[in-house]
Amino acid sequence: MKRLLEVALEPGFVDGTRRQVKQRWWKGNHVRFRDGRLRPIGGWQPYPLSRHSESLDSAVRGHHQWRNNSNVGLLAIGTAGTGGAYGKLFGSEIYSPASFTDTTASTTENSNQITVTDATDFEIGDSVSGSGIPLGTVVDSISSNTITLSNNCTATASPVTVTVTPNQAWQRLYDITPSGYQASGNSEYRPGYSYYFYGQGVWGYSYTGAGSVSFSRQAHWQFDNFGQNLIFVNSSDKTIGYWEGDPTTAAETITVANGYTEDAPSAVSVLVTQERHVLALGASGDSRSIKWSSQETIDVWTPTATNSAGDLPLQTEGYIVTGRRVPQGVLVWTDRDLHLLQYQGAPLVFGVSKLAENAGVYSPWAVHSSSEITVWLNRGGFWLYDGYAKPVQNCAIQDRVLRNVDWSQEGLIYCGSNSEFGEVIWWCPSSSGVDGRCEYYVIYNYRDGVWYDSFSNSGTARNAWMDKGVWAVPLAIDPSDNTIYQHEATDPTQTTVSEAETGSIDINAGQRYTRVSKIYTDTDQQSAGDVNYRFFTASSGDAAEAESSDYALEADGVIDVRLQGRQVRYKVRGALSTDWTVGNTRFEIHQGGTR
């Protein structure tokens, strides 16, 4: 007798053995859950940088994006520096160039080259049209004022008016590092049982294994807006800087030498409050000090009877790492604990209270805070602030995360959001990965309350992530070559595979051997074969599994199989370049004997 057994799996991954993860998704890579269904994440392709753009010189240690009062998108990226060189600050104005004409072109019959007076605005990949130039011609390369085309010209003429249509919005990064700025982001510590931060009078610790490199505490760039302008600091240089958004003009430090009223105090982090005070966190060489400027100023720091500048110390054993605005005030993280800074008005201006022990972070980018959620990761697990600071209770993969992350490189953890899908993503260094690279990721879908990760190394390294905002899709940076990628922007030629694997599924409660002859899927695929299934059967939880070959899903959603066992698992695989979803699966089963 045969019957159908429907398997409805809850969304999200669960950590444990195959039997512990019964009737649940166990692990995977490059997938997400949305509306309860499994589907691939969006793919990625390089961010379109102009040939005139500066290249990122080293690993990224901070970013910021915003729009100025004219609604022009701006982007700032800070790097770590390498080989004894200091890191740099790069600025970019987000723009979409329009088509333009050039009236100085010269063409030669049967030649694929044209010459122009000024090739500055031409970019590789742009479409070119004009008399003597075949339709569909694009720019292949540019050398000085010689443009090489994808087709040969059909006539010789000079001058010729050509119309150039940009195929992409080619962006340009400018080096806007303040003169003399010393941003060193890759100071490596090789700790034994403990070590001393001699510049700040703080002892630290690490569980680094013998011979490994510790990135426990890295120097990072941190940014905020003072109105439409950028205020920033690198925690190595510690000098607060200011940039007014002109990519061709370098940023400057807030010092008397640059025309400001006072020198801003040194700091490891900077933040602007809702009341328009600039906060210098870890100020003036004191790792527990918070100083603030007088309201509506960036350069008045000395308290007087006629201004609102001031300072206060945190009562903590830790050192300040970062801060974030929340509706109740400003959250301030040290490496040990969490504090809430609240505006109180004159004469005290601000007051502070400790919210939680063991809630600190080593990386300022381990924290995500938005109007929807404030959440962060430390070596104790995930934390949430919703008016109260508390450990996250519903993460079914937290133990796996704590095992996979290399906590000796905790300072590299980089968190961001993918607001389109309601996701927070942490990119983390892996205990089995390359030093200095974040190759393991964890995602929390806070709208659905679902967690998923890459199980171990994802095969992709990203040491920085920024949500879509002034750019239409999220951006992330690969530390292996410092390439900027657009995510959720799948390249049609991308061959990356996404996959997810279930825990054990009992057939007939596991009491008898059972034969499975057909699999009825609930899968949306663009064409037959986009999704593949692989099956694993066993007689018990510890027994060796029999693994099938891959079965390509046919157009009718039915897979003919010959499986037998007391329990079965399956793996779903599909390319990122196709869009598909997986819902409930039904097995056609035939009851057998007890052995």
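The structure contained in this document is the topic of the report that follows. All of these numbers come straight from a predicted model, not from anything done at the bench. (Residues numbered from 1 in each chain as written. Predicted model: local features only at pLDDT ≥ 70, side-chain atom pairs only at ≥ 80, totals over all residues. Heavy atoms only, no water.)

## Some points on the overall build of the chain
Part 1: Broken down by element type, the chain carries 1 helix and 52 strands.
Part 2: Projecting the C-alpha coordinates of the chain onto the three principal axes gives extents of approximately 90 × 80 × 45 Å.
Part 3: Buried residues in the chain amount to 56% of all 595 residues.
Part 4: Of the contacts made within the chain by residues no fewer than 6 positions apart, 61% connect residues no fewer than 24 positions apart.
Part 5: Considering the chain, the positive charge centre built from 45 side chains and the negative charge centre built from 63 side chains are found 12 Å apart. (Helix = DSSP H or I, 4+ residues; strand = E, 2+ residues; numbered from the N terminus. Buried < 20%, exposed > 50% of the residue type's maximum accessible area, 1.4 Å probe, protein only. Contact = heavy atoms within 4.5 Å. Lys, Arg positive; Asp, Glu negative; His and termini not counted. Charge placed at Lys NZ, Arg CZ, Asp CG, Glu CD.)

## A closer look at the sheet that holds strand β33 (residues 381–385)
Part 1: Pairing in this open sheet of 4 strands is antiparallel, and the strands run β31-β32-β33-β34 from one edge to the other. Both edges of this open sheet fall to β31 (367–369) and β34 (389–391), since each of them pairs with a single strand only. Direction aside, the axes of adjacent strands within the sheet are offset by 20° on average.
Part 2: As paired strands, β33 and β34 are joined by 3 bridges and run antiparallel to one another. Considered in β34, the bridge of Y385 is made with A389. (Pairing = 2+ DSSP bridges. Axes fitted to C-alpha atoms, helices over the stretch in contact; angles between N-to-C directions.)

## Thoughts on empty space enclosed by the protein
Gaps left between atoms show up when a probe the size of a water molecule is rolled over them.
Part 1: Across all of its chains, the model carries 1 cavity of 30 Å³ or more by this definition.
Part 2: The calculated volume of the largest cavity comes to roughly 130 Å³.
Part 3: Around the largest cavity, the lining is made up of 14 residues, and of these I41, I425, I443, W465 and H487 lie nearest the centre.
Part 4: Elements that contribute at least two residues to the lining of the largest cavity include exactly β36 (423–429) and β37 (438–445).
Part 5: In terms of residues, the lining of the largest cavity owes the most to one element, β36, which gives 3 residues.
Part 6: The residue inventory of the lining of the largest cavity, partitioned by class, reads 7 nonpolar, 4 polar and 3 charged. (1 Å grid on protein atoms, 1.4 Å probe; cavity = no way out; pocket = protein on both sides within 12 Å on 5 of 7 lines; lining within 4 Å. Points joined across faces, edges and corners; volume = space filled by probe spheres on them. Nonpolar A, V, L, I, M, F, W, Y, C, P; charged D, E, K, R; others polar.)

## As for the layout of surface pockets
Part 1: For the largest pocket, the calculated volume is near 1000 Å³.
Part 2: For the largest pocket, the lining is made up of 44 residues, of which H64, R324, H368, S369 and S370 are closest to its centre.
Part 3: At the level of elements, β7 (60–67), β19 (221–226), β23 (269–272), β27 (320–326), β31, β33, β35 (414–418) and β39 (464–466) are the ones that each hand at least two residues to the lining of the largest pocket.
Part 4: For the lining of the largest pocket, the per-class residue count stands at 16 nonpolar, 19 polar and 9 charged.

## Re unusual backbone geometry
Part 1: Cis rather than trans, the peptide bond between S158 and P159 has omega equal to -5°.
Part 2: Within the secondary structure layout, P159 lies in strand β15 (residues 157–165).
Part 3: In the segment running from A346 into P347, the intervening peptide bond is cis, with an omega of 0°.
Part 4: The residue N71 is not glycine, and still its phi comes out positive at about 70°.
Part 5: Along the chain, N71 turns up in the loop between β7 and β8 (73–79).
Part 6: Judged by its relative accessible area of 53%, N71 falls in the exposed class.
Part 7: At F455, a position not held by glycine, the phi torsion is positive, near 70°.
Part 8: Position of F455 among the secondary structure elements: in the loop between β38 (450–453) and β39.
Part 9: Residue class for F455 comes out partly exposed when judged on its relative accessible area of 27%.

## Brief notes about the pairing of strand β13 (residues 139–143)
Part 1: When β13 meets strand β14 (residues 146–149), the two strands line up antiparallel, connected through 4 bridges. Residue pairing for β14: V139 is matched across the bridge by L149.
Part 2: Between β13 and β14, which pair antiparallel one after the other, the connecting turn spans 2 residues, and S144 there sits at a positive phi close to 55°.

## Digging into the sheet that holds strand β41 (residues 483–487)
Part 1: The strand order across the open sheet formed by 4 strands is β6-β41-β40-β39, and the pairing between neighbours is antiparallel. Taken across any chain shown, the strands that pair with only one partner, and hence form the sheet edges, are β6 (44–46) and β39. Across the sheet, the mean angle separating the axes of adjacent strands is 30° when strand polarity is ignored.
Part 2: In the sheet, β6 pairs with β41 via 3 bridges, with the strands oriented antiparallel.

## Some thoughts on the side chain of T521
Part 1: Considering the arrangement of structural elements, one finds T521 in the loop between β44 (514–520) and β45 (523–524).
Part 2: Take T521: its relative accessible area is 16%, and that puts it in the buried class.
Part 3: Dropping the residues within four chain positions of it, T521 is found in contact with Y533, L553, G557, I559 and N584.

## Re the packing of aromatic side chains
Part 1: Enumeration according to the criterion identifies 29 aromatic pairs in this entry.
Part 2: Note on W66 and W243: the rings are 6.0 Å apart at their centroids and 85° apart in plane angle, and the pair reads as edge-to-face. Taken together, the positions of W66 in strand β7 and W243 in strand β21 (residues 241–243) put the pair 177 residues apart, joining distant regions of the chain. Across this residue pair, the class does not change: W66 and W243 are buried.
Part 3: A ring pair is formed by Y444 and W451, whose centres lie 4.2 Å apart and whose planes are at 15°; its orientation type is stacked.
Part 4: Members of the aromatic cluster, each reached through a chain of ring pairs, are F13, W25, F33, Y452, Y533, F535, Y551, Y570 and F587. (Phe/Tyr/Trp six-rings, centres within 6.5 Å; stacked < 30°, edge-to-face > 60°.)

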